[in-house]
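Fold and geometry: a report
One-letter residues, chain by chain:
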Amino acid sequence: MVFLLIIQVSGIHTIHTTDKVCLSLEVFGQSRQPTLVINPAIGVKRRLYHDFACWLAEQGIACVLYNYRGMEDGLGRLPDGADLSTVAWGQLDQTAVLNWVTEQLQPNRLFLLGHSIGGQLVGFAEGLDQVHGIIHVAAQKGDQQLWSGTGRLKLFMLWHVLIPLMSRGQRFHAAKLGLGNYPWPAAAARQWAAWGRAKGYLFHPRFAYDLSGWRSFSGPLLSLGFSDDEMAPEAAIDGLLSEFHATHDLGHIDKRIINPTSLGLSNIGHFGFFKPEAKTLWQDLNTWIQTH
């Protein structure tokens, strides 16, 4: 008879990336369970996800929260010469978190939830094959052509005018544009805007990224969008899903566009999924994880 030791691991843990950047992880739950890592939206803090993570842990799903280098934990802790690009968020930070979770928590199944930009970055991870399933929440391709009307105009101004003008130094003061309440690394903001100016976003050939992470992932993918989310219209959600070639061809994508009125809510928008008012959707997600 084989006995598995289940260890309570809730709390804050510190890990280091391969380029010596220190990241803080918040873990909710126990080892050797189904485990969900959350790639956050840009400009938010980990506390946005606390209620959701606590609830998941109560359902028997461990949850791991972190944030990207130079974001809510600031620029002061970073080693000299640290790569502060958005690519580093996906290649170095995300990979370090997934590796730590695999080694230390030993989940029986590992899931990766990407909120907004967090869903865009998943393909940069090394060893994505250790992830059993991917969940997108309001995750989209930031190609402005996928928006219409004033939404397209706002993105054009953001990518072509506002971010380039406001990210000339070391810090991008995102709060002035309503993009969070703390400064970001200017290098990350500049690269994000460069993606936005390209047709096809980060998938444009001129960036010459290795796209095999997106192309070859063949596991289940659940994509949740919201009819009142101006930051992630359905066309932009579809645009991102189209980059997951293998899982698309295998029919493993489950896309759901949710109208908040169907849940008795006045709005959900880009961030409302993670508020307790949307707990009905949390249960749906729990069911999806438990059955995949």
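Residues numbered from 1 in each chain as written. Predicted model: local features only at pLDDT ≥ 70, side-chain atom pairs only at ≥ 80, totals over all residues. Heavy atoms only, no water.

**Describing the overall build of the protein chain**
Convention followed: The numbering of helices and of strands both runs from the N terminus, where a helix is a DSSP run of H or I of at least 4 residues and a strand a run of E of at least 2. Pairs of residues are marked as contacts when any of their non-hydrogen atoms sit within 4.5 Å. The Shrake-Rupley method, run with a 1.4 Å probe, gives the accessible areas here. Residue values count only the displayed protein chains as cover. Positive charges come from Lys and Arg alone, negative charges from Asp and Glu alone, with His and the N- and C-terminal ends not counted. Here the site of a charge means NZ on Lys, CZ on Arg, CG on Asp, or CD on Glu.
Looking only at helices and strands, the protein chain has nine helices and 10 strands in total. Projected onto the principal axes, the alpha-carbon positions of the protein chain cover approximately 65 × 50 × 35 Å. Long-range pairs, those at least 24 residues apart, make up 68% of the contacts in the protein chain between residues at least 6 apart in sequence. Roughly 12600 Å² of accessible area belongs to the protein chain as shown, and the carbon and sulfur atoms make up 52% of that amount. Charge centroids of the protein chain, computed over 23 positive and 24 negative side chains, lie 7 Å from each other.

**Brief notes about the side chain of Glu243**
Keep this limit in mind: Here a polar contact is taken to be a pair of N or O atoms separated by no more than 3.5 Å, where protein atoms must pair a possible hydrogen donor with a possible acceptor and residues adjacent in sequence count only if both atoms sit in side chains.
Relative to the helices and strands, Glu243 resides in the loop between helix H7 (234-241) and helix H8 (245-249). Among the polar contacts listed, one links the side chain of Glu243 to the side chain of Lys141, at a separation of 2.6 Å. Side chain to side chain, Glu243 and Arg215 meet in a polar contact 2.5 Å long. Every residue in contact with Glu243, bar those within four places of it in the chain, is listed here: Lys141, Phe203, Trp214 and Arg215.

**Topic: the sheet that holds strand E3 (residues 34-39)**
Note the following rule: Strand pairing follows a simple DSSP-based rule, namely that at least 2 bridges must link the two strands. Here the axes come from fitting lines to C-alpha atoms, over the contacting stretch only for helices, and the angles between their N-to-C directions go from 0 to 180 degrees.
Taken in spatial order, the eight strands of this open sheet run E1-E2-E4-E3-E5-E6-E9-E10, and their pairing is mixed. Edge positions in the open sheet fall to strand E1 (11-16) and strand E10 (253-258), since each of these has one partner strand only. The sheet shows a mean angle of 20 degrees between the axes of neighbouring strands, direction not considered. Relative to strand E9 (residues 221-226), strand E6 (residues 133-137) runs parallel, the two sharing four bridges. Each residue of the ladder has a partner; that of Val137, found in E9, is Leu224. Strands in contact with helix H1 (residues 50-58) are strand E2 (22-28), E3, strand E4 (62-65) and strand E5 (109-115); relative to E2, the strand with the most contacts, it is inclined by about 50 degrees. Here H7 sits on the sheet in contact with E6, E9 and E10, set at roughly 170 degrees to E10.

**Regarding the pairing of E4**
What counts is decided by this rule: Here's how the labels work: a residue is buried when its accessible area is under 20% of the maximum for its type, exposed when over 50%, partly exposed in between, all with a 1.4 Å probe on protein chains only. Orient the strands so they point away from the viewer, and a crossover whose first-strand-to-second-strand path over the helix runs clockwise is right-handed.
Residues of E4 alternate between two faces, with Ala62 and Val64 on one and Cys63 and Leu65 on the opposite face, all of them buried. As paired strands, E2 and E4 are joined by three bridges and run antiparallel to one another. Looking at the pairing, Glu26 lines up with Leu65 of E4. Both E3 and E4 contribute to a ladder of four bridges, which runs parallel. Following the sheet pairing, Ile38 is matched in E4 by Leu65. With respect to chirality, the unit in which E3 leads through H1 into the neighbouring parallel E4 is right-handed.

**A closer look at the packing of aromatic side chains**
Stated formally: Working definition: a ring pair exists when centres of Phe, Tyr or Trp rings (six-membered ring for Trp) sit within 6.5 Å. Plane angles under 30 degrees give stacked, over 60 give edge-to-face, the rest tilted.
Using the criterion set out here, one finds 20 aromatic pairs in the structure. Aromatic side chains Phe124 and Trp214 sit 4.9 Å apart centroid to centroid with 80 degrees between the ring planes, which places their arrangement in the edge-to-face category. One end of the pair, Phe124, is in the loop between helix H3 (117-120) and E6; the other, Trp214, is in helix H6 (residues 212-216), with 90 residues separating them in the sequence. In this structure, Phe124 and Trp214 share a single accessibility class: buried. With a centroid separation of 6.4 Å and 35 degrees between ring planes, the pair formed by Phe226 and Phe273 is classed as tilted. One end of the pair, Phe226, is in strand E9; the other, Phe273, is in the loop between E10 and helix H9 (279-290), with 47 residues separating them in the sequence. Neither Phe226 nor Phe273 differs from the other in exposure class; each is buried. Grouping aromatic residues by their ring pairs yields a cluster made of Tyr49, Phe52, Trp55, Phe226, Phe273, Phe274 and Trp282.

**A short note on the nonpolar core**
Rules: What makes a nonpolar core is a set of buried Ala, Val, Leu, Ile, Met, Phe, Trp, Tyr and Cys residues whose side-chain atoms join them at distances within 4.5 Å.
Counting 98 residues, the largest nonpolar core has Phe52, Trp184, Trp192, Trp195 and Phe273 as the members making the most contacts within it. Ranked by residues supplied to this core, first place goes to helix H2 (residues 86-105) with eight residues. Leave out the neighbours within four places in its chain, and Phe52 touches Leu36, Ile38, Leu113, Phe273, Phe274, Trp282 and Leu285.

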